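# Fold and contact review
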Amino acid sequence: MRSPLNAKIPSDSRFSRLLDRDTVAAWVFLAPALILLGIFVLYPIAYLFFLSFTTDSFTRAGMRWIGLRNYWRLLLSPDFWQVLGNTVYFTIATVIPSLVLPLGLAVLLNQSIALRGLLRAAYFIPSITSLVAVGLGFRWLFQTDGIVNDGLAALNIPAVPWLQDTFWAMPVLILLSIWKQIGFNMVVFLAGLQTIPISRYEAAELDGANAWQQFRYVTLPGLRPTIVFVTVTTAIFTLRSFEQVYVITGGGPMNSTNLLVYFIYDQAFAQFDFGYAAAAATILLIVALLLVYWQLRSLREAERPNEE
């Protein structure tokens, strides 16, 4: 009778799979990237979460554990709720045009028209331009004695204090963000349009569908995964907006353009209240993770009909 010690380990056992040559090689090649991911992503996230439960700044000796007190301060802070409202308004007003305009441009530039390549490059240039440089340009355009007000004066329209008015300052930031995002989203939509089979349009045309019906029943369903991707990436771009606020308005006037990332920066590096800033940053991180989860779930549902 064969001894249990001499029995061979089943080839399909978990232990043998872990010792498989290909598996070991894969882990060896992945190790540097995983180590960097842990050092520069996972550890900072964990430390941020820990910091949100403490008080005292880094300029003082030690930290004190205070539990959920920072989160409670956020819930009771009128400034935080105003910043949160500003961020929601800024995000919605930026995301919707940043979907509609690039989609229309992509459909147009997907046709055989004159100067198509030049137009594609021209619309893409803003997305690779420094946001700080663009912010300085917009501040120069919309200052009280800037070119925009000069144009209004030529039309006998009174000058508007764009950056000093609590109503008009936010639209300037929104316009900048839309202008910056259009090129990237247009390229993504163009790539998505290339994945739609031409046979679908030919079949729709044979059925008597006009251009609008083809767009509604062929283009939009075919672009559903692309639309989800663009929506989430644009929302994350707007949620992390900082440079345009820092360069153009500084959160003013009267806190009307203060967005969540700028609020976190101000609390951490101007007020030196790192625990409070970490709590606000944790909320921002949770919102971003929820958006990513929604994106993955929507993409999975969009691919399910194709698999069936």
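You'll find the structure just up there.
What this report covers is the structure whose coordinates are included nearby. (Residues numbered from 1 in each chain as written. Predicted model: local features only at pLDDT ≥ 70, side-chain atom pairs only at ≥ 80, totals over all residues. Heavy atoms only, no water.)

Let us look at the environment of Gly183. For Gly183, the position within the fold is in helix α8 (residues 169-194). Judged by its relative accessible area of 0%, Gly183 falls in the buried class. Placed 61 residues apart in sequence, Gly183 and Ala122 show a C-alpha to C-alpha distance of 8.3 Å. (Helix = DSSP H or I, 4+ residues; strand = E, 2+ residues; numbered from the N terminus. Buried < 20%, exposed > 50% of the residue type's maximum accessible area, 1.4 Å probe, protein only.)

One finds Phe138, Trp162, Phe189 and Ile248 to be the most contacted residues of the largest nonpolar core, which totals 39 residues. Of all the elements in the fold, those that place two or more residues in this core are α4 (78-109), α6 (131-142), α8, α10 (211-222), α11 (224-239) and α12 (243-249). Looking at this core element by element, the count peaks at 12 residues for α8. Not counting residues within four places of it along the chain, the set of residues in contact with Ile248 comprises Gly135, Phe138, Arg139, Leu163, Leu173 and Leu176. Judged by nonpolar contacts, the second largest core, of 20 residues, contains Phe80, Val83, Phe274 and Ala277. (Core = buried A, V, L, I, M, F, W, Y, C linked by side-chain atoms within 4.5 Å. Contact = heavy atoms within 4.5 Å.)

Turning next to the packing of aromatic side chains. All told, the structure shown has 23 aromatic pairs when counted by the stated rule. The interplanar angle of 75° and the centroid separation of 5.1 Å between the aromatic rings of Trp162 and Trp168 together place this pair among those described as edge-to-face. Residue Trp162 is classed as buried on the basis of its relative accessible area, which comes to 13%. These aromatic residues form a ring-pair network of at least three members: Tyr43, Tyr47, Phe49, Phe50, Phe53, Trp65 and Tyr71. (Phe/Tyr/Trp six-rings, centres within 6.5 Å; stacked < 30°, edge-to-face > 60°.)

Here we take up unusual backbone geometry. Pro253 follows Gly252 through a cis peptide bond whose omega is -5°. Tracing the sequence through the fold places Pro253 in the loop between α12 and α13 (260-269). The residue Met254 is not glycine, and still its phi comes out positive at about 55°. Considering the arrangement of structural elements, one finds Met254 in the loop between α12 and α13. A relative accessible area of 72% means that Met254 is categorised as exposed.

Summed over all chains, the structure comprises one salt bridge. For the salt bridge of Asp273 with Arg73, the shortest nitrogen-to-oxygen distance reads 3.0 Å. Residue Asp273 is found in the loop between α13 and α14 (274-307), and its partner Arg73 is found in helix α3 (residues 69-76); the two are separated by 200 residues along the sequence. Among the residues examined, Arg73 registers a relative accessible area of 36% and is labelled partly exposed. (Salt bridge = Lys/Arg side-chain N within 4 Å of Asp/Glu carboxyl O.)

That's the geometry; what it means functionally is another story.
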